[in-house]
Each structure stands twice: as C-alpha cells, then as structure tokens.
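Coordinates in review
Okay, here's what each chain looks like letter by letter:
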Amino acid sequence: EVLASFSATLSATRDCAEYTFDFGQPNWMPPFSMILLVGIINEFRLKRPTATYIAINHRKHSYAAHFGFFQAMGLDFGNLPGQATGSSTYVPITKIDVPEIRSQAVNEFLAVGDVIDNKASELTGVLTSQTTGALRDTLKYSIREIIRNSVEHSTSNNVLFCAQFWPSIGEAEVAILDTGIGINGGLQNNPKFLGLSDRQALSHALMPGVSGNPHA
C-alpha cells in the first residue's frame, strides 16, 4: 500500500530539472519491496533522462546498500547487484543480462531455460533450504519459467531477482523484476487478444494455453 501510494505520487509529479529522493530513517525492507521500489524509481528516471537526481539520507540504510538496492537504481552507493556473496538464507539483488543469456544459449546450443537453470536453482535453495525433493523441484521449475518468460518475451535488457528465507518463522520470499512491455504488451502479438485492458490481459494470461504467439 505504501509503495502503491509512492508510485502514484511519482506518476503525478510534474517534470522538473532536478529531483531529490529522501530515503528517511533506516527501515528494513523485504526483497519484494526493495526490488519493486527499484523498478518504480528506474521507470521514473527513464521517462526523465535529462533531469538531475539527488539522494539524501541513503547512507543510513546499510542493509539495503549491502543488498545492492541503491546501485540497482543507479545510485553509486553500496554493493553492485550480485556483488554480495549471499548466504544460505538470502540472495542479494542480482542482475541477469538478457543479451548475454541469449548469446550463451545460441553458442552452447541450449534452450534459454537451461542457461538460467543455475539461477533458478540458487533461488530455490534459499527458499526451501533443501537440496532435493519434490518441493524443490516444483519451485525450481516455476522460478525458471518466470525468469525464462522475462528473458524471452519482456523485451527488457535485464532481469533483477533476489530472495530471503527466515528460518525462525519458516517463511521465504522471492522477487523477480523486469521492466519490459508487460503481459498485455506480450499478448498484443496475438490478434485474439488485441484491445484488452491490463486486468483482462492478466486474467487471460493465467489461463492454460494462452500465448502471445499468433499461431498458438
């Protein structure tokens, strides 16, 4: 709710020559919130490429800096995405370079899904704390397909992901972000789905056999 309100505020902000982002007092953010905020701010900056951006109070947020949060949004502070080594309970914000993935798949005669299999395995290990089993296999397949869909259909040049597991409460969270054309944009390649609203496109995409491929 807070991020939705912040996103709406940014969308309504008029064009200016300079913007200041005040990150306020230290406040822990889970992976999904961090990566979503990265996407919101990067989209705002992309639409205003000539503006100057200033950050204040960001140096107080050591956890987010370690996770790669600030570097992921273009601020030169903290670890780069993927720079932190991670652990058995978390994967820091990590970037997949889509052109590199596609090139590797071609050069090694592999499917894109096979190339990103290691990334999916890493995330699954954090989420389940298991090395084998049906749960791990199911989650690994699901995460691999989400990342593969971003690589193959989003038109985004990179995909960000992160994850964290909290053993004390038995909960885990994974976040995967691309800033491509979106589900509706992908379905527009198929004449059967022209003119849908974003909500309608999402509903259709959840149905089995639905594809942006006009021959599907």
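The structure reproduced in this document is the subject of the present report. All figures in this text were calculated on a predicted structure; none of them were measured in a lab. (Residues numbered from 1 in each chain as written. Predicted model: local features only at pLDDT ≥ 70, side-chain atom pairs only at ≥ 80, totals over all residues. Heavy atoms only, no water.)

Another point: the side chain of Asn79. Residue placement: Asn79 occurs in the loop between α4 (69-72) and β3 (90-97). A polar side-chain atom of Asn79 sits 2.9 Å from the main-chain carbonyl oxygen of His66. In contact with Asn79, other than residues within four places in its own chain, are Ala65, His66, Gly68, Gln71 and Ala84. (Helix = DSSP H or I, 4+ residues; strand = E, 2+ residues; numbered from the N terminus. Polar contact = N/O pair within 3.5 Å; in protein donor to acceptor, adjacent residues only side chain to side chain. Contact = heavy atoms within 4.5 Å.)

This brings us to unusual backbone geometry. Located in the positive-phi region is Asn57, a residue other than glycine, with phi close to 65°. Looking at where Asn57 falls in the secondary structure, it is placed in the loop between β2 (52-56) and α3 (62-67). For Asn57, a relative accessible area of 30% corresponds to the partly exposed category. You will see that Phe109, though not glycine, has its phi angle at about 55°, which is positive. With respect to the helices and strands, the residue Phe109 is situated in the loop between α5 (98-107) and α6 (112-115). The exposure class of Phe109 is exposed, given its relative accessible area of 78%. (Buried < 20%, exposed > 50% of the residue type's maximum accessible area, 1.4 Å probe, protein only.)

Our focus in this paragraph is the layout of surface pockets. Taken as a whole, the largest pocket spans an internal volume of roughly 1,200 Å³. Of all elements in the fold, only α2 (31-47), α8 (134-153), β5 (171-178), α9 (182-187) and α10 (198-205) reach the threshold of two or more residues within the lining of the largest pocket. Residue classes in the lining of the largest pocket are distributed as 15 nonpolar, 13 polar and four charged. Taken as a whole, the second largest pocket encloses approximately 440 Å³ of empty space. Along its surface, the second largest pocket is lined by 20 residues, and Phe6, Asp22, Phe23, Met29 and Leu37 are the ones closest to its centre. Broken down by secondary-structure element, the contributors of at least two residues to the lining of the second largest pocket are α1 (2-11), β1 (18-22), α2 and α4. (1 Å grid on protein atoms, 1.4 Å probe; cavity = no way out; pocket = protein on both sides within 12 Å on 5 of 7 lines; lining within 4 Å. Points joined across faces, edges and corners; volume = space filled by probe spheres on them. Nonpolar A, V, L, I, M, F, W, Y, C, P; charged D, E, K, R; others polar.)

With that settled, the discussion passes to the packing of α1 against α2. Viewed as axis vectors pointing N to C, α1 and α2 meet at an angle of 5°, and their least axial separation amounts to 11 Å. By the angle between their directions, the pair α1 and α2 is classed as roughly parallel. On α2, the residues touching Leu3, Phe6, Ser7 and Leu10 of α1 are Ser33, Leu36, Leu37, Ile40, Ile41 and Phe44. Residues that form the contact of α1 with α2 fall into these classes: eight nonpolar, two polar and no charged. (Axes fitted to C-alpha atoms, helices over the stretch in contact; angles between N-to-C directions. Parallel < 35°, antiparallel > 145°, perpendicular 65-115°, else oblique.)

Owing to its 3.6 residues per turn, the α-helix aligns residues three or four sequence positions apart on the same side. The terminal C-alpha atoms of α2 lie 25 Å apart, and with 17 residues this matches the ideal 24 Å at 1.5 Å per residue to within 8%. For α2, the full list of buried residues reads Pro31, Ser33, Met34, Ile35, Leu37, Val38, Gly39, Ile40, Ile41 and Phe44. (Expected span 1.5 Å × (residues − 1).)

Before going further, it helps to spend a moment on the pairing of strand β4 (residues 158-166). The side chains of a regular strand alternate, residue by residue, between the two faces of the sheet. Burial analysis of β4 places eight of its nine residues in the buried class, the great majority of the element. As paired strands, β3 and β4 are joined by six bridges and run antiparallel to one another. From the neighbouring strand, Asp97 faces β4, where its bridge partner is Asn158. Across eight bridges, the pairing between β4 and β5 is antiparallel. (Pairing = 2+ DSSP bridges.)

Pairing is antiparallel across the open sheet formed by three strands, whose spatial order is β3-β4-β5. At either margin of the open sheet sits one strand with a lone partner, and together these are β3 and β5. Each adjacent strand pair in this sheet contributes to an overall mean axis angle of 10°, direction not counted. Running over the sheet, helix α7 (residues 117-128) touches β3, β4 and β5 and is turned about 20° from β4.

Moving on, we get to the packing of aromatic side chains. Using the criterion set out here, one finds twelve aromatic pairs in the structure. With a centroid separation of 4.9 Å and an interplanar angle of 80°, the aromatic rings of Tyr19 and Phe44 are classed as edge-to-face. Of this pair, Tyr19 sits in strand β1 while Phe44 is found in helix α2, placing the two residues 25 residues apart along the sequence. Here Tyr19 falls in the buried class, since its relative accessible area comes to 8%. Summarising the aromatic geometry, the rings of Phe21 and Phe44 are spaced 6.1 Å apart at their centres and angled 85° between planes, so their arrangement reads as edge-to-face. With Phe21 in strand β1 and Phe44 in helix α2, the pair connects residues that are 23 residues apart, well separated along the chain. The class of Phe44 is buried, set by a relative accessible area of 4%. Connected via pairs of aromatic rings, a cluster forms that spans Tyr19, Phe21, Phe44 and Tyr53. (Phe/Tyr/Trp six-rings, centres within 6.5 Å; stacked < 30°, edge-to-face > 60°.)

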